[in-house]
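Remarks on the overall topology
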Amino acid sequence: METKPKMIEIKDLHKSYPMGKDSLHVLKGLNLEIKEGEFVSIMGASGSGKSTLLNIIGLLDTHDTGTYRLNDELIENLNEKKAAQLRNKFLGFIFQSFNLINYKNAQENVALPLYYAGMSRKDRNEQALKYLDKVGIKDWAHHLPNEMSGGQKQRVAIARALVSHPKVILADEPTGALDSETSHSVMDLLREINKEGMTIIVITHEEEIAKASDRIIRLKDGIIVSDEKV
Ligand code: ADP
Ligand code: MG
């Protein structure tokens, strides 16, 4: 049997948020393994801890106890600089609200991570255009976000996530602001990207969207209550 390398390995993970002199226990001992090239969705009611989990996986937040390994590297006591380095190297993010910069056009938005990576203007503009083409909106390169539909904006955000060649795409309700037809076309695009070998983790509260992935992990009150192939 073919065994793919582990991309994410989480053991007995706990996370609480301080609440006055109390604390809110949000993740209560999660165990989870995601292999390279998997396309996984995470479901659960609002407040069940989905975003908290994705933020920890994405090195945007830290866990309290338990272990998290990303690409075989133990994630522990990272300072912000090291976390940023790992994020830039391994992770691409997609959000419900697109998080595009309004005064930059599509091409500039996609090129931005490459600017921070120190790439020359000519090269980053070329790469940005290549990825806009890949997500099907090359013709919109010079348009501002407010001139684009929700689906087009999410494609720009996907191109921006891809441009730095991450190993994992983390998407927190990427279709939450889109109509159902557009949502399905965004999932089709993620599927194409997955077919090229990218590991993808999508949070959604829509069964239909989750079914477009290969595996559904369900969270309830900070516990994984099911983890099944679609
Ligand atoms: P989901 O994404 O499943 O809706 P979250 O992970 O966002 O859930 O939130 C889980 C719980 O943790 C909620 O009760 C939420 O209010 C709380 N929470 C989330 N982020 C913070 C934070 N930064 N500080 C305090 N409480 C938080
Ligand atoms: Mg959330």
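The structure under discussion appears in the preceding block.
Summarised in this report is the structure supplied together with it. Every chain is numbered independently, its residues counted from 1 as its sequence is written. The naming scheme follows written order: chains are lettered A onward, ligands numbered 1 onward. Reporting in this predicted model follows two pLDDT cut-offs: at least 70 for local features of residues, and 80 or more for side-chain atom pairs to be given and counted; totals over whole chains, interfaces and linings ignore these cut-offs and use all residues. The side-chain figures draw on all heavy atoms in the structure; neither hydrogens nor water molecules are used.

1. Considering the site of ligand 1
- Put simply, a residue is near a molecule or strand once any heavy atom of it comes within 4 Å of that molecule or strand. Inspection of the region around ligand 1 gives Y17, L24, V26, A45, S46, G47, S48, G49, K50, S51 and T52 as its neighbouring residues.
- Within 3.5 Å is the distance limit for a polar contact, defined as a pair of N or O atoms, with the added protein rule that one can donate a hydrogen and the other accept it, and that residues adjacent in sequence qualify only through two side-chain atoms. The contact in question runs from a nitrogen atom of ligand 1 to an N or O atom on the side chain of Y17, over 3.4 Å.
- A distance of 3.1 Å separates an oxygen atom of ligand 1 from a polar backbone atom of G49.
- About the coverage of ligand 1: the protein hides 58% of its 560 Å² of free accessible area.
- The helix count covers DSSP runs of H or I at least four residues long, the strand count covers runs of E at least two residues long, and both are numbered beginning at the N terminus. Mapped onto the shell around ligand 1, the elements with two or more residues apiece are β2 (22-35) and α1 (50-57).
- The leading source of residues in the shell around ligand 1 is α1, at 3 residues.
- Following the grouping adopted for this structure description, the nonpolar residues are Ala, Val, Leu, Ile, Met, Phe, Trp, Tyr, Cys and Pro, the charged ones are Asp, Glu, Lys and Arg, and the polar ones are all others, Gly among them. Classifying every residue of the shell around ligand 1 gives 4 nonpolar, 6 polar and 1 charged. The protein chains shown are the only cover counted for residues, whose accessible areas, like all others here, come from Shrake-Rupley with a 1.4 Å probe.

2. Comments concerning the sheet that holds strand β8 (residues 199-203)
- In short, DSSP must find at least two bridges between two strands for them to pair. Taken together, 6 strands build an open sheet; the order of strands is β6-β7-β8-β3-β9-β10 and the sheet is mixed. Only two strands of the sheet have a single neighbouring strand rather than two, namely β6 (91-95) and β10 (223-229). Averaged over all adjacent pairs, the angle separating strand axes in this sheet is 15°, with direction ignored.
- For strand β3 (residues 39-43) and strand β9 (residues 215-220), the ladder comprises 4 bridges, and the chain directions are parallel. Its bridge partner being in β9, S41 is matched across the sheet by I216.
- Packed on one face of the sheet, helix α2 (residues 80-90) meets β6 and β7 (168-172) and runs near 85° to β6.
- The criterion used for residue contact is that any of the two residues' heavy atoms lie within 4.5 Å. Interaxial angles span 0 to 180 degrees and are taken between N-to-C directions of axes, which are lines fitted to C-alpha atoms, for helices over the stretch in contact. Contacting β6 and β7, helix α5 (residues 150-162) crosses the sheet at an angle of about 165° to β6.

3. A word on the layout of surface pockets
- Estimates place the volume of the largest pocket at around 580 Å³.
- We place a 1 Å grid over just the protein atoms. Points where a 1.4 Å probe fits but has no way out form a cavity, open points with protein on both sides within 12 Å along at least 5 of 7 lines form a pocket, and any residue with an atom within 4 Å of a point lines it. N88, L91, F93, P113 and S164 are the residues nearest the centre of the largest pocket, which is lined by 18 residues in total.
- Those elements giving two or more residues to the lining of the largest pocket turn out to be α2, β6, α3 (106-116) and α5.
- Taken together, the residues that form the lining of the largest pocket break down as 11 nonpolar, 5 polar and 2 charged. Grid points are joined across faces, edges and corners, and a volume is the space filled by probe spheres set on the points.

4. Re the pattern of salt bridges
- For this analysis, a salt bridge means a side-chain nitrogen from Lys or Arg found within 4 Å of a carboxyl oxygen belonging to Asp or Glu. Under the counting rule described, the total for this entry stands at 15 salt bridges.
- Note that E9 and K11 form a salt bridge whose closest N and O atoms lie 3.8 Å from each other.
- Relative accessibility thresholds used throughout: buried, under 20% of the residue-type maximum; exposed, over 50%; partly exposed, between the two (1.4 Å probe, protein chains only). Judged by relative accessible area, E9 falls into the buried class, the value being 10%.
- Residue K11 is classed as partly exposed on the basis of its relative accessible area, which comes to 44%.
- Between D214 and R191 there is a salt bridge, with the nearest N and O atoms lying 2.8 Å from each other. One end of the pair, D214, is in the loop between α7 (207-210) and β9; the other, R191, is in helix α6 (residues 180-195), and 23 residues separate them in sequence.
- Classification of R191 by relative accessible area gives partly exposed; the value is 22%.

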